[in-house]
Amino acid sequence: MYNLKREPPWFFHQIENYYHIFLDIRFNNKNYHDEMINFSIELDVQGFEGLLFYMYKPDVRKLRFGLYNHSIDQIHDISDLTYKLNGGSLKNLDFVIIPFGYFKDEHKFRLFIKTKKLEPSYDIHAWTPSYLFKNIKSVIKIANQYSELIPIDDIKGYYYQVDRAFKGNETGRLFDLINFLVELDKSVDEISNESLFEPMDRDIKALVTKSNEFLFELSQKSVPLGLKNILRELERLKFNVDSLSKEEIFNWLDNLIEFYSEKP
């Protein structure tokens, strides 16, 4: 089950076991006659710490991807993005973002798609993997579906918030994704006996270098990510303690204990 107004994105079966966010992007100017669309995405993510991977197809035989190291409340400008119009038709563009790391309880994000001459619009869907472990040797998948994210109004713009079931993937699983890209780079069309994608060897090597660098930076932090978030919440409590009643202070501490005691 996909809960989409059209066919699922081309990459779905390769990433269905990852938590991910899928952007269904449309470019709405019918009078656009250029062969190439140039655009950028400004991504503002709050309450997340880890790595953000993105991937999309700018052309039939091309695959573009990148990786960002993300600290709490940070903005990234994913620039120099392109999309080739094959046959001159304005079709939907599939763009996926896969988080590797840790979300706080109240995480949210917003994004802006910027392009000249066109009016972009988009829908955002979140995917949460779902499994039922029958025993150690077998896994039965439960039918799942994309859930459309509805924007919430905010003074600074429209934000999106995924529910508490959505998490970041374990950072170590990033290398599983890189292996998937390597397999795609080797894939050959059975009919034409030609590569399905233009060579990605250089891009994959750059991604591996970035992954090693970013994961090393995360591992060198003196305070674990979970503990850092507890300390931030205690710091917030310290600065608000004068304006709180004793009951409110106890409730705040009880909420902290209940929330973090449920985490592995």
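Everything that follows concerns the structure shown earlier in this document.
The present account deals with the structure reproduced in this document.

Calculation notes
Counting restarts for each chain, with residues numbered from 1 along the sequence as it is written. In keeping with the model being predicted, local features are shown solely for residues with a pLDDT of at least 70 and side-chain atom pairs are shown and tallied solely at 80 or more, while totals for entire chains, interfaces and linings include all residues. Where side-chain values are given, they derive from all heavy atoms of the structure, hydrogens and water being excluded. Pairing of aromatic rings covers Phe, Tyr and Trp, the last counted by its six-membered ring, and requires centre-to-centre distances within 6.5 Å; plane angles under 30 degrees mean stacked, over 60 mean edge-to-face, and any other angle means tilted. By the criteria applied, helices consist of DSSP H or I runs no shorter than four residues and strands consist of E runs no shorter than two, each listed in order from the N terminus. Only protein chains enter the accessibility calculation, which uses a 1.4 Å probe; a residue whose area is less than 20% of its type maximum is buried, one above 50% is exposed, and one in between is partly exposed. Note on criteria: charge over ring means Lys NZ or Arg CZ within 6 Å of the ring centre, with the direction from the centre no more than 35 degrees off the ring normal. Should any heavy atoms of two residues lie within 4.5 Å, those residues are counted as being in contact. Polar contact is the term for a pair of N or O atoms within 3.5 Å; when the atoms are in protein, one must be able to donate a hydrogen and the other to accept it, and sequence-neighboring residues count only if both atoms are side-chain atoms. Two strands pair under a simple rule: DSSP has to find at least two bridges between them. To qualify as a nonpolar core, a set must consist of buried Ala, Val, Leu, Ile, Met, Phe, Trp, Tyr and Cys residues joined through side-chain atoms within 4.5 Å. Any carboxyl oxygen of Asp or Glu that lies within 4 Å of a side-chain nitrogen of Lys or Arg is treated as forming a salt bridge with it.

1. Thoughts on the packing of aromatic side chains
Phase 1 of the analysis: According to the stated counting rule, one finds 15 aromatic pairs in the structure shown.
Phase 2 of the analysis: Relative to F103, the ring of F48 has its centre 4.6 Å away and its plane inclined at 45 degrees; by these criteria the two rings are tilted. Within this pair, whereas F48 is found in strand β2 (residues 36–59), its partner F103 is found in strand β5 (residues 93–115), the two being separated by 55 residues in sequence. For the residue pair F48 and F103, the accessibility class agrees, reading buried in each case.
Phase 3 of the analysis: Through successive ring pairs, a cluster of aromatic residues spans F27, F39, Y54, Y56, Y68, Y83 and F95.
Phase 4 of the analysis: Directly above the aromatic system of Y159 lies the positively charged group of K108, at a separation of 4.6 Å from the ring centroid.
Phase 5 of the analysis: Between the NZ or CZ atom of R173 and the centre of the ring of Y18, over which it lies, the distance is 4.1 Å.

2. A closer look at the environment of M55
Phase 1 of the analysis: As for its placement among the helices and strands, M55 is situated in strand β2.
Phase 2 of the analysis: For M55, a relative accessible area of 0% translates into the label buried.
Phase 3 of the analysis: Separated by 40 residues in the primary sequence, M55 and F95 have C-alpha atoms spaced 6.1 Å apart.
Phase 4 of the analysis: Discounting chain neighbours no more than four positions away, the residues touching M55 are F11, I15, L63, R64, F65, D94, F95, V96, F180 and L181.

3. Some points on the side chain of H70
Phase 1 of the analysis: Assignment of secondary structure puts H70 in strand β3 (residues 62–70).
Phase 2 of the analysis: The class of H70 is buried, set by a relative accessible area of 0%.
Phase 3 of the analysis: At 3.2 Å, the side chain of H70 and the backbone oxygen of V45 are in polar contact.
Phase 4 of the analysis: Leave out the neighbours within four places in its chain, and H70 touches V45, F48, E49, G50, L52 and H76.

4. Regarding the pairing of β5
Phase 1 of the analysis: Bridge count between strand β1 (residues 20–27) and β5: 5 bridges; the pairing is antiparallel. For D24, the partnering residue across the bridge sits in β5 and is D94.

5. A look at the environment of V208
Phase 1 of the analysis: Examined against the element boundaries, V208 turns out to sit in helix α3 (residues 201–219).
Phase 2 of the analysis: Distance in space between the C-alpha atoms of V208 and L174 is 9.5 Å, their sequence separation being 34 residues.

6. Details of the environment of G168
Phase 1 of the analysis: Mapped onto the fold, G168 is located in the loop between β9 (147–148) and α2 (174–186).
Phase 2 of the analysis: With 69 residues separating them along the chain, G168 and P99 place their C-alpha atoms 5.2 Å apart.
Phase 3 of the analysis: If near-sequence neighbours (up to four positions away) are discounted, G168 is found in contact with Y19, P99, G101 and F103.

7. Observations regarding the nonpolar core
Phase 1 of the analysis: Counting 33 residues, the largest nonpolar core has L23, F39, I41, F95 and F109 as the members making the most contacts within it.
Phase 2 of the analysis: Elements supplying a minimum of two residues to this core: β1, β2, β4 (74–84), β5 and β6 (120–127).
Phase 3 of the analysis: The dominant element in this core, judged by the number of residues it contributes, is β2, at 9 residues.
Phase 4 of the analysis: Counting 29 residues, the second-largest nonpolar core is a separate cluster that includes F12, M55, I178 and F197.

8. Description of the pattern of salt bridges
Phase 1 of the analysis: Per the counting criterion, the structure on display carries 8 salt bridges.
Phase 2 of the analysis: Measuring nitrogen to oxygen at the nearest pair gives 3.9 Å for the salt bridge that ties D24 to R26.
Phase 3 of the analysis: Here D77 makes a salt bridge to K114, at a shortest N to O gap of 4.0 Å. In this pair, D77 sits in strand β4 while K114 sits in strand β5, placing the two residues 37 residues apart along the sequence.
Phase 4 of the analysis: Residue classification places D77 among the partly exposed residues on the basis of a relative accessible area of 43%.

Keep in mind these values describe shape, not function.
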